[in-house]
Amino acid sequence: MENLVSELEEKLEIKTDFIPLGQFLKLANVLESGGMVKSFLQEQGVFVNGELEHRRGRKLYPGDIVKAEGIGTYIVAKKS
């Protein structure tokens, strides 16, 4: 079962030390515009490391896990 979970996770690399949640969702091609991100987060939110988050400006760091229904699971990774 563990292998199935890891296959559904997608690593998304960032060049900086952190990335705001709103930018991360656009980078992941999950949502296309800032307005869509704002609306989605206000209405539904996403889970960051298991905690429900509604703030676009939430800083994500390498190793953070972003999960949302209908979007999937993403792991923030530092581009080497």
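Look a little higher up for the structure.
Residues numbered from 1 in each chain as written. Predicted model: local features only at pLDDT ≥ 70, side-chain atom pairs only at ≥ 80, totals over all residues. Heavy atoms only, no water.

> A description of the packing of aromatic side chains should follow, citing residues and the corresponding values.
In this structure the tally under the stated criterion is two aromatic pairs. Aromatic side chains phenylalanine 18 and tyrosine 61 sit 5.8 Å apart centroid to centroid with 50° between the ring planes, which places their arrangement in the tilted category. Note that phenylalanine 18 is positioned in the loop between strand E1 (9-14) and strand E2 (19-20) and tyrosine 61 in the loop between strand E5 (59-60) and strand E6 (65-68), a separation of 43 residues in sequence. In this structure phenylalanine 18 comes out as partly exposed when scored by relative accessible area, which is 33%. Note on tyrosine 61: relative accessible area 39%, which makes it partly exposed. Arranged with centres 6.2 Å apart and planes meeting at 85°, the rings of phenylalanine 24 and tyrosine 74 form a pair that is edge-to-face. Here phenylalanine 24, found in helix H2 (residues 21-27), pairs with tyrosine 74, found in strand E7 (residues 72-78); they are 50 residues apart in sequence, far enough to count as distant. The two residues phenylalanine 24 and tyrosine 74 agree in class, both being buried. We note lysine 59 situated over the ring of phenylalanine 18; from NZ or CZ to the ring centre the distance is 4.6 Å. (Phe/Tyr/Trp six-rings, centres within 6.5 Å; stacked < 30°, edge-to-face > 60°. Helix = DSSP H or I, 4+ residues; strand = E, 2+ residues; numbered from the N terminus. Buried < 20%, exposed > 50% of the residue type's maximum accessible area, 1.4 Å probe, protein only. Lys NZ or Arg CZ within 6 Å of the ring centre and 35° of its normal.)

> Report on helix H3 (residues 34-43), specifying residues and quantitative values.
For H3, every residue scored as buried is listed here: Val37, Phe40 and Leu41. Seen end-on, H3 carries its buried residues on one side only, within an arc spanning 95°. The exposed residues of H3 that point more than 90 degrees off its buried face are Gln42 and Glu43. Elements in contact with the buried residues of H3: H2, strand E3 (46-48), strand E4 (51-53) and E6. (Arc of directions from axis to C-beta. Contact = heavy atoms within 4.5 Å.)

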